[in-house]
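# Commentary on secondary and tertiary structure
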Amino acid sequence: MDSFELKEVQRLEGHTDRVWSLDWNPATGHAGIPLVFASCSGDKTVRIWEQNLSTNLFSCKAVLEETHTRTVRSCAWSPSGKLLATASFDATTAIWENVGGDFECVSTLEGHENEVKSVSWNASGTLLATCSRDKSVWIWEVQPGNEFECVSVLQGHTQDVKMVRWHPTEDILFSCSYDNNIKVWADEGDSDDWQCVQTLGESNNGHTSTVWALSFNASGDKMVTCSDDLTLKVWETENIGMQSGGGFAPWRHICTLTGYHERTIFSVHWSRGGIFASGAADDAIRLFASNSESQVDGPLYKLLLKKEKAHDMDINSVQWSPGEKPLLASASDDGTIKVWDLIS
Amino acid sequence: MVSGLINANPVIYEKKQRQPRSAQSLPSDEYRVEPIDQQEIFDHIRDIKDPEHPYSLEELKVITEEAVEVNDQNSYVRVTFTPTVEHCSMATIIGLCLRVKLLRSLPSRYKVDIRVAPGSHATEAAVNKQLNDKERVAAALENPNLLDMVDECLAPSYD
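In this text the structure is predicted, and so the values were computed from the model without any measurement.

With that settled, the discussion passes to the overall build of chain A. When you go through chain A residue by residue, the secondary structure sums to zero helices and 28 strands. By principal-axis analysis of the C-alpha atoms, chain A measures approximately 55 × 50 × 35 Å. Of all 344 residues assigned to chain A, the portion counted as buried reaches 58%. Counting only contacts in chain A whose residues sit at least 6 apart along the sequence, the fraction spanning at least 24 positions is 49%. Surface exposure of chain A reaches about 13800 Å², of which carbon and sulfur atoms provide 43%. With 27 positive and 48 negative side-chain charges, chain A shows a spacing of 7 Å between the two charge centroids.

This part covers the interface of chain A and chain B. The partner chain B presents 16 residues to the 26 residues of chain A that form the contact. Buried surface at the junction of chain A and chain B, summed over both partners, amounts to about 1600 Å²; 41% is from carbon and sulfur atoms. Its largest share of buried area at the contact with chain B, chain A owes to Arg70(A), Tyr178(A) and Arg263(A), together 36% of the area lost on that side. The interface formed by chain A and chain B holds 11 salt bridges in total. When the shortest N-O distance is used, the salt bridge between Glu135(B) and Lys162(A) registers 2.5 Å. For the pair chain A and chain B, the number of links is 19 residue pairs in polar contact (both at pLDDT 80 or more). Grouping the amino acids of the side of chain A that touches chain B by side-chain chemistry returns seven nonpolar, seven polar and 12 charged.

For the structure shown, the criterion picks out zero disulfides over all chains. Cysteine Cys176(A) shares no disulfide, and the gap to the nearest cysteine sulfur, in Cys226(A), comes to 7.4 Å. By relative accessible area, which is 0% here, Cys176(A) ends up buried. Here Cys97(B) stays unpaired: no disulfide links it, and the sulfur of Cys153(B), its closest cysteine neighbor, is 4.0 Å away.

Moving on, we come to empty space enclosed by the protein. Residues and elements named next belong to chain A. Tallied over the entire structure, the rule returns three cavities of 30 Å³ or more. Computed from the structure, the largest cavity encloses a volume of approximately 230 Å³. Taken together, 21 residues line the largest cavity, and the ones lying closest to its centre are Ser21, Arg73, Met163, Asn316 and Ser317. Within the residue set of the lining of the largest cavity, elements represented by two or more residues are β2 (19-24), β6 (72-77), β10 (116-121), β14 (161-166), β18 (211-216), β22 (265-270) and β26 (315-320). A per-element tally of the lining of the largest cavity places β2 first, with four residues. For the lining of the largest cavity, the residue count by class is nine nonpolar, seven polar and five charged.

Looking now at the UniProt feature "repeat: WD" (unreviewed entry) in chain A. Feature annotation in UniProt assigns "repeat: WD" (unreviewed entry) to the following positions: residues 12-50, 65-97, 109-150, 154-185, 204-239 and 308-344 of chain A. When the span residues 12-50 of chain A is considered, its composition is 0% helix and 46% strand, and the gap between its end C-alpha atoms is 11 Å.

This brings us to the pattern of salt bridges. Residues and elements named next belong to chain A. Scanning all chains against the criterion turns up 31 salt bridges over all chains. Between Arg18 and Asp333 there is a salt bridge, with its nearest N and O atoms 2.6 Å apart. With a gap of 315 residues between them, Arg18 in the loop between β1 (5-12) and β2 and Asp333 in the loop between β27 (327-332) and β28 (337-343) connect regions that are remote in the sequence. We classify Asp333 as buried; its relative accessible area is 12%. Residue Arg70 is joined to Glu115 by a salt bridge in which the shortest nitrogen-to-oxygen separation is 3.9 Å. Highlighted residues: Arg70 in the loop between β5 (58-64) and β6 and Glu115 in the loop between β9 (102-109) and β10, separated in sequence by 45 residues.

The side chains of a regular strand alternate, first on one face of the sheet and then on the other. All names here are of chain A. Extensive coverage of strand β20 (residues 232-237) is indicated by the burial of six of its six residues. Both faces of β20 are covered, namely the face carrying Leu232, Val234 and Glu236 and the face carrying Lys233, Trp235 and Thr237. In terms of strand pairing, strand β19 (residues 222-227) meets β20 through five bridges, oriented antiparallel. Residue pairing across strands places Val224 opposite Val234, the latter belonging to β20. What sits between the antiparallel neighbours β19 and β20 is a turn of four residues, in which Leu230 has the positive phi angle 70°.

Here we take up the sheet that holds β6(A). All names here are of chain A. Taken together, the four strands give an open sheet; going across it, the order is β6-β7-β8-β9, and neighbouring strands pair in antiparallel fashion. This sheet does not close on itself; its edge strands, each paired only once, are β6 and β9. Here the strands of the sheet are splayed against their neighbours by 25° on average, with no regard to which way each runs. Two strands pair when backbone bridges link them, and strand β8 (residues 93-99) and β9 are joined in this way by seven bridges, in the antiparallel orientation. Its bridge partner being in β9, Val99 is matched across the sheet by Asp102.

What follows covers the UniProt feature "domain: MIP18 family-like" (unreviewed entry) in chain B. Those places that UniProt annotates as "domain: MIP18 family-like" (unreviewed entry) correspond, in this numbering, to residues 39-112 of chain B. This span, residues 39-112 of chain B, is 30% helix and 16% strand, and a straight line between its end C-alpha atoms measures 16 Å.

Residues and elements named next belong to chain B. Between helix α2 (residues 91-105) and helix α4 (residues 134-141), the shortest axis-to-axis distance is 12 Å and the interhelical angle comes to 90°. It follows from the interaxial angle that α2 and α4 lie roughly perpendicular. On α4, the residues touching Leu96, Arg99 and Val100 of α2 are Val137, Ala140 and Leu141. When the residues that make up the contact of α2 with α4 are grouped by side-chain class, the tally is five nonpolar, no polar and one charged.

Conventions adopted
Residues numbered from 1 in each chain as written. Chains lettered and ligands numbered in written order. Predicted model: local features only at pLDDT ≥ 70, side-chain atom pairs only at ≥ 80, totals over all residues. Heavy atoms only, no water. Helix = DSSP H or I, 4+ residues; strand = E, 2+ residues; numbered from the N terminus. Buried < 20%, exposed > 50% of the residue type's maximum accessible area, 1.4 Å probe, protein only. Contact = heavy atoms within 4.5 Å. Areas by Shrake-Rupley, 256 points an atom, 1.4 Å probe, with all protein chains shown as cover. Lys, Arg positive; Asp, Glu negative; His and termini not counted. Charge placed at Lys NZ, Arg CZ, Asp CG, Glu CD. Buried area = accessible area lost by both parts, 1.4 Å probe. Salt bridge = Lys/Arg side-chain N within 4 Å of Asp/Glu carboxyl O. Polar contact = N/O pair within 3.5 Å; in protein donor to acceptor, adjacent residues only side chain to side chain. Nonpolar A, V, L, I, M, F, W, Y, C, P; charged D, E, K, R; others polar. Disulfide = S-S within 2.5 Å. 1 Å grid on protein atoms, 1.4 Å probe; cavity = no way out; pocket = protein on both sides within 12 Å on 5 of 7 lines; lining within 4 Å. Points joined across faces, edges and corners; volume = space filled by probe spheres on them. UniProt positions renumbered as here; feature names shortened; annotations may be inferred. Pairing = 2+ DSSP bridges. Axes fitted to C-alpha atoms, helices over the stretch in contact; angles between N-to-C directions. Parallel < 35°, antiparallel > 145°, perpendicular 65-115°, else oblique.

Have a look at this one:
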């Protein structure tokens, strides 16, 4: 049997409150460009961390502050890596541009009634989605000159929306909520006619409590979700995106991973190598992979390893880096970020 | 005018006698780590003031020592509180006060669950879900009005 180890490479201090989320810059980590990620915190700041190519160690390159007036809940790099979007409890989403190493706030997206909880760019970087405690999901179109126009306000969730994620290749949006549901949104007819095309809820083997996060596999035909109900669920679709006839290929539940987590699972992220990591309120990181020895009707995914006490407090976010040999980064209530190397 | 209070006439109970902390440790035990127990947790929260009455949560029997479950080895606490009336809209504020007080009093390794006693509240599941959603708690504590209300309930009383 393969044996894996998650080795702590570095523990990064700097934030003065819980670290809620982090995001790797997708344009880094290859072609000699050092890895970069952004982290955001209850201390109202965003920090930019860069790897030194000779020591492989990360250091803080910039602190983005005095823009958000409350917790910065999540952050997301545009596909080109040139823009960073940050979502805050202050009801705004800020867009930052890297100008010669300095980050300037070039746009502020206003409209949500209260806390913005998540932000996501589509694959081409032309659309942005945000979601809020106000139960709505907004879609913004990127215009020339760093202008963002709201093209749709999606109502459908009955409680606060915890996360929005675009599909990795198609312009299909996924949202998950305190109302226990995952909703799939697509632009079915003419442009900007966004509709909810599917709801994955308790009645179709969905979650029985808050859904905190979701992540796609590399090919985009599978999705994993995590919840306050202490389970991870894997979902699959036959056809990615819209079929040629214009119909939507629905997602279906294929597997529930239960009994592994002791407290709320806040984060899940699927690596391009096929391993998904979970971060939970029990301070542990777990890694899962498809079960190659699976019998007919056997479990589809197996636990590769459990890293107990990965942090001193809840783990809010786990994210695999881009690049050939991905690193895992984790963000915690203990105010630190840790970078991990998966050794097999 | 009718009273605007949720529960205008609450029943007041006698406070439980304060027990001195366990017998003096012997000098050789000076550095021994004392595990956190039920009584210690109860001492942290018994004097929290009710949001609408000049009485403590103990005097209103919203909390009792028996309603505190603690496992120091696993760094786990669960507090089960009983609102004075079953449609009490103050339940989430009381729960928030309990959470904040324990957050400020206990070592950070502790995991805390707060819930209303089963059957004691009309929207029990909704209240419990809200009190244990840390994102909602974090957002609530950034609301100056709510934080003032919580701080007032946690302010030491001088009886």
